[in-house]
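Summary of structural features
One letter stands for each residue in the lines below.
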Amino acid sequence: MLLRVLSVIAFWPLAGATHAQVSDPGDTEAFAEELKRGEVETAAGAEIDPWEGFNRKMFSVHNALDDVLLVPAAKVYRATTHKKQRKGIRNFLDNLRTPVILLNDVLQGEFGRAGNTASRFVINTTIGFGGMGDPAERLGIPQHSEDFGQTLAVWGVDPGPYLFLPLLGPTTVRDGVGAAMGVAADPSIWIRTEAAQYYRFSHAGAVALSRREPLIEPLADIRENSLDYYASFRSFYLQARKREIDNGRTNFEDLPDIGEFEEFDELE
Amino acid sequence: MFLRIDMKCFAAAAMGFAAAIAAPPALADEAAEQYVAAILLEAEPALMSPDEAVRFNGIARLVDKYVDMRRIGMFSLGQYARQMTTAQRQEYLALFERYATDIYQDILSDYSGQALKVVGSVVRSERDIIVNSKVADPRPGSEFAKVTVHWRVYRDRQGAMSIVDAGADQIWLAIEQRGEFTSVIANNGGGSQGIDVLIAELRARLGD
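A brief structural summary. (Residues numbered from 1 in each chain as written. Chains lettered and ligands numbered in written order. Predicted model: local features only at pLDDT ≥ 70, side-chain atom pairs only at ≥ 80, totals over all residues.)

**Some details on the overall build of chain A**
The helix and strand tally for chain A stands at 12 helices and 2 strands. The N-to-C order of helical and strand elements in chain A reads α-α-α-α-α-α-α-β-β-α-α-α-α-α. The burial tally for chain A puts 40% of its 268 residues in the buried class. For chain A, restricting intrachain contacts to residue pairs at least 6 apart in sequence, the fraction spanning at least 24 positions comes to 74%. (Helix = DSSP H or I, 4+ residues; strand = E, 2+ residues; numbered from the N terminus. Buried ≥ 20, exposed ≤ 12 C-beta atoms within 10 Å, placed from the backbone. Contact = placed C-beta atoms within 7 Å.)

Listed below in structure tokens is the structure:
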């Protein structure tokens, strides 16, 4: 169960959640310096989480809402849909995000990935029945995700403090700004008609349900098993977010030393 | 002629540039890979067993044999590792070993029925190596098919190896534990007082 947590924790309702993609293991790549430092959990979270008091309160508010609103709704969603339908809905919602992903691929100078994104959009929108299916994946063009927060990271913007907001979920100041840019990049936000309004709310609701549903058990599991749910959640989130920014390339450079705690040798 | 030389220079420069920006060749540590491969082979009967008790006992035995719980336990305390009394350390390490063994059992049980195989390694330093593994023959549609399971291998001064962390897709257990433990300590008065609270929490968690 915990392993499922590790692999899906980056999917978060509403926030700029992204898909994990791990490249072949073993390859190391050089990354921007700011990716190497500063994002991994620091001891006691003091550096990354100076607003811990506020965040903990918001986390409690969120969990209360989660218990009475999101989880029951996600359970209803699960009960009334088939696994394959949910996959189709997830694909469809992901396909809607493709233009933003493409824009961010380009802004990050990842032209190969931009080509993949464009191809995926064309293939999945046409022979994938408007994005419900993912034939592009079977054709060897796997999905990846980008958002404005990741682009800002690649451009060298530090993450800034960790921030947790009810319903919007975990983020950092940089990624929060990125998420707002993502909202602004959605054409429907600028159209002031009733239909656009309806679309916005139903889209947000669909995204929230679609992303919360696979996390029902994993998050319950962390909550039950952790000594400090808030700290555990923050650590998983920050590690997963870093992986997203690294675009799944394996980067072990910035791991804290474990083995090199020479003073522990004396304890042996 | 000039053009030809220029072209050659250009080609050489381009190749040099390409070599410079290309990913450095992944270093591998064969001894560490073999070390983990042997452990995974030894783990196979336990992982393959349909009986949960057999699985849990097998995993616990392997963890006891190969995982350096003392080192991970000390790492998980972050800066507080140096603020412990000897009595606290003894009590904490005994509890930590049981707590972390439970977690390894929980995680590795996810793989029941699926063997893991080593697929490569990355050398952080001569004494700190990441060995990567994947599910050998994933069942069709298995959610673990694409997951890379990492093993962090520590080589001590005498050359003996041990496992000091495990992770999946670049998310590491000991790092998560350190985030959690240091938070419990810091939020309960820090220092010796906070360590006592952590010990009490671990004790409560283990049902003592």
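**Observations regarding the overall build of chain B**
For chain B, the helix and strand inventory stands at 7 helices and 5 strands. Reading the secondary structure of chain B in the N-to-C direction produces α-α-α-α-α-β-β-β-β-β-α-α. Counting only residues that meet the buried cut, chain B has 42% of its 208 residues in that class. Partitioning the contacts of chain B with sequence separation of at least 6, the portion at a separation of at least 24 is 55%.

**Observations regarding unusual backbone geometry**
Located in the positive-phi region is L167 of chain A, a residue other than glycine, with phi close to 65°. Along the polypeptide, L167 of chain A turns up in the loop between β1 (162-165) and β2 (169-172). We classify L167 of chain A as partly exposed; it has 16 C-beta atoms within 10 Å. Its identity is not glycine, yet D169 of chain B carries a phi of approximately 45°, on the positive side. Tracing the backbone through its elements, the reader meets D169 of chain B in the loop between β4 (161-168) and β5 (171-172).

**Here's the deal with the nonpolar core**
In this structure, V36, V131 and V153 of chain B are the most contacted members of the largest nonpolar core, which totals 70 residues. What V153 of chain B contacts, discounting residues up to four positions off in sequence, is A32, Y35, V36, I129, V131, M161 and I163 of chain B. Core analysis: the second largest hydrophobic core is formed by 6 residues, A74, Y77, V207 and L209 of chain A among them. (Core = buried A, V, L, I, M, F, W, Y, C linked by C-beta atoms within 7 Å.)

**Description of the sheet that holds strand β1 (residues 116-125) of chain B**
All names here are of chain B. Reading across from one edge, β1-β2-β3-β4-β5 is the order of the 5 strands in this open sheet, with antiparallel pairing throughout. Where the open sheet ends on each side, the last strands, each with one partner, are β1 and β5. Here helix α2 (residues 30-48) sits on the sheet in contact with β1, β2 (128-135), β3 (149-155) and β4, set at roughly 145° to β1. (Pairing = 2+ DSSP bridges. Axes fitted to C-alpha atoms, helices over the stretch in contact; angles between N-to-C directions.)

**Some details on the packing of helix α3 (residues 52-66) of chain B against helix α5 (residues 86-109) of chain B**
Residue and element names in this part refer to chain B. Axis separation between α3 and α5 bottoms out at 9 Å; the angle between their running directions is 125°. Taken together, the axes of α3 and α5 are oblique relative to one another. Considering how the two elements wind past one another, α3 and α5 form a crossing that is right-handed. Of the residues in α5, those touching α3 at R55, F56, I59, A60 and V63 are T101, Y104, Q105, L108 and S109. (Parallel < 35°, antiparallel > 145°, perpendicular 65-115°, else oblique. Left-handed = near helix turned anticlockwise from the far one by under 90°.)

**With respect to the packing of α5 of chain B against helix α7 (residues 191-205) of chain B**
Two numbers describe a pair of packed helices, the interaxial angle and the distance between the axes. Residue and element names in this part refer to chain B. Where α5 contacts α7, the two axes come as close as 10 Å, and the packing angle between them is 35°. Seen along the crossing, α5 lies across α7 with a hand that is left-handed. On the side of α5, the interface is formed by Q88, E91, Y92, L95, F96 and Y99, while α7 contributes I195, I199, L202, R203 and R205. The residue makeup of the contact of α5 with α7, split by class, is 7 nonpolar, 1 polar and 3 charged. (Nonpolar A, V, L, I, M, F, W, Y, C, P; charged D, E, K, R; others polar.)

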